[in-house]
Amino acid sequence: MKKNIKFSCLDRDQQIMDLTKATFDLVVIGGGITGAGIALDAASRGLKVALLEKGDFASGTSSKSTKLIHGGLRYLKQFDFWLVKEVGSERAIVHQLAPHLVLPEKMLLPLIEGGSYGKWLTSIGLKVYDILAQVDGGDKRQMLEKKEALALEPLLPKKILKGAGFYAEYRTDDARLTIENIKTSLLYGAVALNYAEVTDFLYEDERVAGVCVKDSLAGKEFEVRSKYVISAAGPWVDDLRSVNNSKNGKRLHLTKGVHLVFPHEKLPVKQSVYFDVPDGRMIFAIPRGKITYVGTTDTNYYNDKDRVTTDIADAIYLIAAVNNMFPSIELELEDIESSWAGLRPLIHEEGKSASELSRKDEIFTSDSGLISMAGGKLTGYRKMAERVVNRVGQMIKEDEEREIGESKTAKIPLCGSNFKKFKDVRKYIEEIRERIKKDGLGAYEAWFLVTTYGIQTETILEKFNVIKDDDPHLRLAKAELHFGIEFEMVTSPMDFFIRRTGRLYFDINSIRLLMDPILNEFEQIFNPGKNKMDTWREELLRKLEEHSNFSVERI
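Structural notes, computed from the coordinates. Residues take numbers from 1 onward in each chain, read along the sequence in its written order. Reporting in this predicted model follows two pLDDT cut-offs: at least 70 for local features of residues, and 80 or more for side-chain atom pairs to be given and counted; totals over whole chains, interfaces and linings ignore these cut-offs and use all residues. With hydrogens and water stripped out, all remaining heavy atoms of the structure feed into the side-chain values.

## Some remarks on the pattern of salt bridges
Logical step 1: Here, a salt bridge means any Lys or Arg side-chain nitrogen found within 4 Å of an Asp or Glu carboxyl oxygen. Taken as a whole, this structure holds 46 salt bridges when the rule is applied.
Logical step 2: Ionic pairing is found between Lys-227 and Glu-400, a salt bridge with its closest N-O pair at 3.7 Å. In this pair, Lys-227 sits in strand 10 (residues 221-231) while Glu-400 sits in helix 9 (residues 381-400), placing the two residues 173 residues apart along the sequence.
Logical step 3: Only protein chains enter the area calculation, which uses a 1.4 Å probe; residues under 20% of their type maximum are buried, those over 50% are exposed, and those in between are partly exposed. For Lys-227, a relative accessible area of 39% corresponds to the partly exposed category.
Logical step 4: Residue classification places Glu-400 among the partly exposed positions, given a relative accessible area of 29%. To qualify as a helix, a DSSP run of H or I must reach at least 4 residues; to qualify as a strand, a run of E must reach at least 2; elements of each kind are numbered from the N terminus.

Below, the structure written as structure tokens:
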């Protein structure tokens, strides 16, 4: 087991001092999955790297995806074979890097009368998918008869069901994947800071030579000098191009994707389903722990990028789609337990609708040397990072006549993983279940700990064993919090409840029980004062309301 590197906001003053005293090879703007992947790729090639994120790590798009590492089957319909081949092949690699965090997930594709996919075309499409994605063994696609499909998922519509395709994908927690990439980059000397907003660029001889940064927590400003700067700011890429006076040519096209969360008993699918919607789109229904989540929508977005919410119209659309495919379910607005909404930073193409836009990534380099990366998919983050660091490598070769070598990230396990195969993960879950049952915790907690933290569960259980509290669930949450503050830059209750543990999305009711004691723990550790405590409490209550209340009164 790799030793955890201390990565704590309690050391923030020293971290800022380290950033201001050094000259870096590379500054990466954006602490989402793209920026995290770039930081790890560059640092592992020997570059001195700083990563800066204006909010919390993964607080933008990278905590609000469908949370799948998948090959993009629907892109075959757009004849985007290159994208399917690359991201399809990447699935197995990313799974190998963190088998506890990127979990095998069989997907059922129902074939219905009048649906988007016919049996023959689906069979051919899935075969091409297998070939492009280099799928082998038991993960190869199967074509199922109606009876076989209903055995796997009895909720499917018997009257119009004709059969199904059955194929392999992977499920993840996007925010956890992001933070583990960042933590792994620290092992190679990277420096990373959240709540550090890049407001401007430094220039020497009309070339970008660093960034001006505002510490969003203390309000102070500082500078970080760097030979090269990559903007991986997702939906905010064009904002930074404007600051750099280089927003010309291609531009971003933002689309919104919404997901709804239901208690599993309200939508008790036995396994993941990828199904037709009457308007021609495709929707996922994915069981996960205590819940089932459904998504996604794909609509143009022009509003506040820092406040993306689920509208009643989004919720009604998704509920109608579910009720259409699973006629015995009859979901209603009040059944929604939680939700999330995020933005896709796609490349604009004239005349194309939101769903038709390509998910390919692109690199823009300004005359002053700012490198911007936009587009892409969660699944392709590692290859995106490789491409843009290769671009930096070319510039270093031209400027300094030195080579940085090839990407190494395909062979670098992420923090939390010392598992060779998924069967090792299953074995470890069972081991943890046995160890914690004497403390009043069960199978769900064992599954949650291992699929969230991997082998870092050991550190959390060490903290659990020294915390005094009669309620084992509260003890566990406190142990997670102390781990997050010490090793994962948890700075606020929102960082903890949303991005580090996923509770806002996957176990929202637990927040209502844990909120007061966790806030008390923050008060003891940080001593932030009454105003900050009141602000944190109000923000948590607002998040709970915003993500779960879809009553008629809200319309």
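Text resumes after the structure shown.
## Focus: the layout of surface pockets
Logical step 1: Cavity: a set of points on a 1 Å grid over the protein atoms alone where a 1.4 Å probe fits but cannot get out. Pocket: an open set with protein on both sides within 12 Å along at least five of seven lines, its lining residues, like those of a cavity, having an atom within 4 Å of a point. Grid points are joined across faces, edges and corners, and a volume is the space filled by probe spheres set on the points. Taken as a whole, the second largest pocket spans an internal volume of roughly 490 Å³.
Logical step 2: Around the second largest pocket, the lining comprises 28 residues; the ones closest to its centre are Lys-290, Tyr-444, Arg-503, Asp-507 and Ser-510.
Logical step 3: The dominant element in the lining of the second largest pocket, judged by the number of residues it contributes, is helix 11 (residues 443-453), at 6 residues.
Logical step 4: Classifying every residue of the lining of the second largest pocket gives 10 nonpolar, 10 polar and 8 charged. All residues other than Ala, Val, Leu, Ile, Met, Phe, Trp, Tyr, Cys, Pro, Asp, Glu, Lys and Arg, Gly among them, are scored as polar; the first ten of these are nonpolar and the last four charged.

## Considering the packing of helix 10 (residues 422-436) against helix 11
Packed helices, taken two at a time, are described by their axes: the angle between them and the distance between them.
Logical step 1: Axes, fitted as lines to C-alpha atoms, cover a helix only where it is in contact. Angles between the N-to-C directions of the axes lie from 0 to 180 degrees. One way to put it is that helix 10 packs onto helix 11 with a least axis distance of 8 Å and a crossing angle of 130°. As far as their axial angle goes, helix 11 and helix 10 are oblique. In the crossing of helix 10 with helix 11, the sense of the turn from one axis to the other is right-handed. Of helix 11, the residues touching helix 10 (which contributes Val-425, Tyr-428, Ile-429, Ile-432, Arg-433 and Ile-436) are Ala-443, Glu-445, Ala-446, Trp-447, Leu-449, Val-450 and Thr-451.
Logical step 2: Tallied by class, the residues present in the contact of helix 10 with helix 11 amount to 10 nonpolar, 1 polar and 2 charged. Angles are sorted into four bins: roughly parallel if under 35 degrees, roughly antiparallel if over 145, roughly perpendicular if 65 to 115, and oblique for all others. Handedness of a crossing is defined here by the sense of rotation of the near helix relative to the far one, left-handed for an anticlockwise turn of less than a right angle and right-handed for a clockwise turn. The contact criterion used is simple: two residues touch if any of their non-hydrogen atoms lie within 4.5 Å.

## Section: the pairing of strand 4 (residues 103-112)
Consecutive side chains of a regular strand alternate in pointing toward one face of the sheet and then the other.
Logical step 1: Judged by how many residues are buried, strand 4 sits mostly within the fold: 8 of 10 residues are covered.
Logical step 2: The pairing criterion is simple: DSSP has to find at least two bridges between the two strands. Strand direction decides the pairing type here: strand 4 and strand 6 (residues 161-171), joined by 10 bridges, are antiparallel. Bridging from a neighbouring strand, Leu-108 pairs with Phe-166 of strand 6.
Logical step 3: Inspection of the sheet shows strand 4 paired to strand 12 (residues 272-276) by 2 bridges, in the parallel sense. Each bridged residue has a counterpart across the sheet, and for Met-107 the counterpart in strand 12 is Ser-272.

## Examining the environment of Lys-543
Logical step 1: When you line up the elements, Lys-543 lands in helix 17 (residues 530-548).
Logical step 2: Overall, the relative accessible area of 18% leaves Lys-543 in the buried class.
Logical step 3: Put simply, Lys-543 and Leu-504 are 39 residues apart on the chain and 8.2 Å apart in space, counted from C-alpha to C-alpha.
Logical step 4: Each residue touching Lys-543, except ones within four places of it in the same chain, is listed here: Ile-498 and Leu-504.

## Re a nonpolar patch on the surface
Logical step 1: In this scheme, patches are assembled from residues that exceed 30% relative accessible area and form no salt bridge. Like charges are connected within 9 Å, while nonpolar side chains (Val, Leu, Ile, Met, Phe, Trp, Tyr) are connected within 5 Å. For the area figures, the Shrake-Rupley method with a 1.4 Å probe applies, and any residue is considered shielded solely by the protein chains shown. The grouping of Ile-5, Leu-187 and Tyr-188 at the surface amounts to a nonpolar patch, some 230 Å² of accessible area in total.
Logical step 2: Within the secondary structure, Ile-5 is located in the segment before helix 1 (12-21).

## A closer look at the nonpolar core
Logical step 1: One finds Leu-52, Val-211 and Phe-326 to be the most contacted residues of the largest nonpolar core, which totals 99 residues.
Logical step 2: Apart from residues lying up to four places away in sequence, Phe-326 is in contact with Glu-153, Leu-155, Leu-156, Leu-267, Val-269, Val-273, Phe-275 and Ala-285.
Logical step 3: One finds Ile-291, Val-490, Ile-508 and Ile-518 within the second-largest nonpolar core, a separate group that totals 39 residues. Within this scheme, the nonpolar core is defined by two criteria: the residues are buried Ala, Val, Leu, Ile, Met, Phe, Trp, Tyr or Cys, and they are joined through side-chain atoms within 4.5 Å.

## Description of the pairing of strand 1 (residues 23-29)
Logical step 1: Burial analysis of strand 1 places 6 of its 7 residues in the buried class, which makes it a mostly covered element.
Logical step 2: As paired elements, strand 1 and strand 10 share 6 bridges and run parallel to each other. Along strand 10, the bridge assignment pairs Ile-29 with Ser-231.
Logical step 3: Both strand 1 and strand 2 (residues 49-52) contribute to a ladder of 4 bridges, which runs parallel. Each residue of the ladder has a partner; that of Ile-29, found in strand 2, is Leu-52.
Logical step 4: With the strands pointing away from the viewer, any crossover whose connection runs clockwise from the first strand over the helix to the second is right-handed. The handedness of the strand 1 to strand 2 crossover, carried by helix 2 (residues 33-44), is right-handed.

## So, the state of the cysteines
Logical step 1: Count a disulfide wherever a pair of cysteine sulfur atoms falls within 2.5 Å. In total, this model carries 0 disulfides according to the counting rule given.
Logical step 2: Cysteine Cys-9 shares no disulfide, and the gap to the nearest cysteine sulfur, in Cys-415, comes to 18 Å.
Logical step 3: According to the relative accessible area criterion, Cys-9 is buried, its value standing at 11%.
Logical step 4: Taking the relative accessible area as the measure of exposure, Cys-415 reaches 11% and is therefore buried.

## A short note on the packing of aromatic side chains
Logical step 1: Pairing of aromatic rings covers Phe, Tyr and Trp, the last counted by its six-membered ring, and requires centre-to-centre distances within 6.5 Å; plane angles under 30 degrees mean stacked, over 60 mean edge-to-face, and any other angle means tilted. Throughout the structure, instances matching the rule amount to 17 aromatic pairs.
Logical step 2: Considering the side-chain rings of Tyr-444 and Phe-448, the 6.4 Å spacing of their centres and the 15° angle between planes classify their relative orientation as stacked. On the criterion of helical spacing, the pair formed by Tyr-444 and Phe-448 is a turn pair, its members being 4 residues apart in helix 11.
Logical step 3: Note on Phe-448: relative accessible area 10%, which makes it buried.
Logical step 4: Joined through ring pairs, the aromatic side chains of Tyr-444, Trp-447, Phe-448, Tyr-453, Phe-483 and Phe-487 make up one cluster.
Logical step 5: Directly above the ring of Phe-506 sits Arg-288, whose terminal nitrogen or CZ lies 4.1 Å from the centroid.
Logical step 6: One Lys or Arg, Arg-475, reaches over the ring of Phe-464 and ends 3.9 Å from the middle of that ring. Any Lys NZ or Arg CZ found within 6 Å of a ring centre and within 35 degrees of that ring's normal is scored as a charge over the ring.

So yeah, pure geometry; function would need other evidence.
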